Amino acid sequence: MSKKKKKQQKETTIENFYDLKVDQVDELVSILKGEDTATDKEVVTDIKEITGEEVKGRSQKAKNFDPYKRDKLAMLPTWLKAIFIKWWFSGCVCYFIMWGLGELLTSELDFVRAIILGFIMGMVVDLLVNPSFRYLDSDRHEFNNYMMFPFPFKQFWTFFANIIYYIAVVWIVYYVYMGLNLLIDLANPEGFIGVEPLLFGTICVIVDMAFIGIKDAIVYLVKKNRKKRSEEVSTDV
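Rules used in this analysis
Per chain, residue numbering runs from 1 following the sequence as it is written. Whole-chain, interface and lining totals are the exception, using all residues; otherwise, since this is a predicted model, local features are given only for residues with pLDDT of at least 70 and side-chain atom pairs are given and counted only at 80 or more. With hydrogens and water set aside, each side-chain value is computed from the structure's full complement of heavy atoms. Per the convention used, a helix needs a DSSP run of H or I reaching at least four residues, while a strand needs a run of E reaching at least two, with both numbered from the N terminus. With a 1.4 Å probe rolled over the protein chains alone, any residue whose accessible area is under 20% of its type maximum counts as buried; one over 50% counts as exposed, and the rest are partly exposed. Note on contacts: a residue pair qualifies if any of its non-hydrogen atoms lie within 4.5 Å across the two residues. The aromatic pairing rule takes the rings of Phe, Tyr and Trp, using the six-membered ring of Trp, and pairs them if the centres are within 6.5 Å, calling planes under 30 degrees apart stacked, those over 60 edge-to-face and the rest tilted. The working definition used for a salt bridge is a side-chain nitrogen of Lys or Arg within 4 Å of a carboxyl oxygen of Asp or Glu. Grouping buried Ala, Val, Leu, Ile, Met, Phe, Trp, Tyr and Cys residues that are joined through side-chain atoms within 4.5 Å yields what is termed a nonpolar core. Residue-level confidence of the predictor is summarised by pLDDT, bounded by 0 at the bottom and 100 at the top. Think of each axis as a best-fit line through the C-alpha atoms, taken over the contacting stretch in the case of a helix, with angles from 0 to 180 degrees between the N-to-C directions. Crossings are sorted by hand: turned counterclockwise from the far helix by less than a right angle, the near helix makes the crossing left-handed, and turned clockwise it makes it right-handed. Note on residue categories: nonpolar means Ala, Val, Leu, Ile, Met, Phe, Trp, Tyr, Cys or Pro, charged means Asp, Glu, Lys or Arg, and polar means any other residue, Gly included. In a helix, the anticipated span is given by 1.5 Å times the number of residues less one. A residue's bend is given by the angle between axes fitted to the 7 residues ending at it and the 7 residues starting at it. Note on angle classes: values under 35 degrees are labelled roughly parallel, values over 145 roughly antiparallel, values of 65 to 115 roughly perpendicular, and the remainder oblique. Residues qualify for a patch when their relative accessible area is over 30% and they have no salt bridge, like charges being joined within 9 Å and the nonpolar side chains of Val, Leu, Ile, Met, Phe, Trp and Tyr within 5 Å. With residues, only the protein chains shown are counted as cover, and all accessible areas are computed by Shrake-Rupley using a 1.4 Å probe.

Re the overall build of the protein chain
- For the protein chain, the helix and strand inventory stands at nine helices and zero strands.
- When the elements of the protein chain are put in sequence order from the N terminus, they spell out α-α-α-α-α-α-α-α-α.
- Sorting the 237 residues of the protein chain into buried and exposed places 24% on the buried side.
- In the protein chain, of all internal contacts separated by at least 6 residues, the share reaching a separation of at least 24 is 60%.

Here it is in structure tokens:
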């Protein structure tokens, strides 16, 4: 076979492999231009018809391919996902660390245990919770309202900042437990609320979101003030 014939065959193979869908390109251009692209052509979702491969061992519903279908997790509101993730990880820290320590420390949420729980909480938030938020986040950055240090990329200093912050959070949770037990003692001297994952996670999330809410309010006021000043300067000019 001559070199010319080999070259021609190779070019034909490449052309077949990169078969340009001109109709689809024109349709995309029309959409970007804002033109009406309504058509009576039915959208094909069958995997066999799209790829040419037979799909075996699946139901008819599973054989259909829909690239625009949203999963069930994406349909949940942002606040619900954020609060659940925070609550679940807080409860896990209480379960595995406080209950896991057993008799190594006292049975109550004392000063030493609060420091240890806060230290672990800071590490968990920086290494697991915040990366989960960034993974689930969109271009609108809805999860920024649920992080104390919402940066687009992980910063080195946030690791230590989260540890210090969550030590303070757990320390306040410690005083919340003390206050609840004092109120219960007034009604029933024999009553007592112990530290367990469900309630600990709930109180921890409430305290955490209270601080984050204060931070978000301060940031909002600062941005609003800067915007107002910039508008005044532009008006004077």
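From this point on, the discussion continues.
Looking at the packing of aromatic side chains
- Summed over all chains, the structure comprises 14 aromatic pairs.
- Their ring planes at 70 degrees and their centres at 5.3 Å tell us that Y174 and Y175 sit as a pair that is edge-to-face.
- Y175 sits in the partly exposed class, given a relative accessible area of 45%.

Here we look at the pattern of salt bridges
- One pass over the full model with this rule turns up three salt bridges.
- In this structure, the salt-bridge partner of K86 is D208, at a minimum N-O distance of 2.6 Å. Of this pair, K86 sits in helix α6 (residues 78-101) while D208 sits in helix α9 (residues 197-236); the two residues are 122 residues apart in sequence, bridging distant segments of the chain. Exposure class is identical for K86 and D208. Each is buried.
- Note that D216 is salt-bridged to K215, the shortest N-O span being 2.8 Å.

Considerations on the nonpolar core
- Within the largest apolar cluster, 31 residues are counted, with the highest numbers of intra-cluster contacts made by M121, V129, F133, Y165, V169, V173 and F200.
- Every element with two or more residues in this core is listed here: α6, α7 (111-136), α8 (156-187) and α9.
- In contact with F133, other than residues within four places in its own chain, are A82, I85, K86, F143, Y146 and M147.

Here we look at the confidence of the model for the protein chain
- In this model, the protein chain carries an average pLDDT of 78, and 65% of its residues clear a pLDDT of 70 or more.
- The secondary structure element of the protein chain with the lowest average pLDDT is helix α1 (residues 3-17), at 50, and the one with the highest is α8, at 92.

A few points about the packing of α6 against α7
- For the pair α6 and α7, interaxial distance at closest approach is 10 Å and the crossing angle is 145 degrees. α7 is crossed by α6, and the crossing has right-handed handedness. Contact residues: A82, I85, K86, F89, S90, V93, I97, M98 and L101 in α6; R113, I116, L117, I120, M121, V124, L128, V129, F133 and L136 in α7.
- Class assignment of the residues belonging to the contact of α6 with α7 gives a composition of 16 nonpolar, one polar and two charged.

Considerations on α7
- Taking 1.5 Å per residue as the helical rise, α7 with its 26 residues ought to reach 38 Å, and the 35 Å between its terminal C-alpha atoms agrees with that figure.
- When the local axis directions of α7 are compared, the greatest deviation, roughly 45 degrees, occurs at V125.
- What α7 keeps buried is the set R113, A114, L117, G118, M121, G122, V124, V125, D126, V129, N130 and F133.

Remarks on the packing of α7 against α8
- Relative orientation of the contacting elements α7 and α8 amounts to 135 degrees, with a least axis distance of 7 Å. Between α7 and α8, the angle falls in the class oblique. In the crossing of α7 with α8, the sense of the turn from one axis to the other is right-handed.
- Residue classes in the contact of α7 with α8 are distributed as 15 nonpolar, five polar and one charged.

Focus on a nonpolar patch on the surface
- A cluster of nonpolar side chains, F111, V112, I115 and I116, forms an exposed patch at the surface whose accessible area comes to about 310 Å².
- Following the sequence through the fold, I115 ends up in helix α7.

A short note on α8
- For α8, spanning 32 residues, the distance from its first C-alpha to its last is 48 Å, which sits close to the expected 46 Å at 1.5 Å a residue.
- Here α8 has its buried residues at T158, A161, N162, I163, Y165, Y166, V169, V170, V173, Y174, Y177 and N181.

Considerations on the side chain of N162
- Residue placement: N162 occurs in helix α8.
- Given the relative accessible area of 1%, N162 is considered buried.
- Among all residues touching N162, those that are not within four sequence positions of it are G122, V125, D126, N130 and F149.

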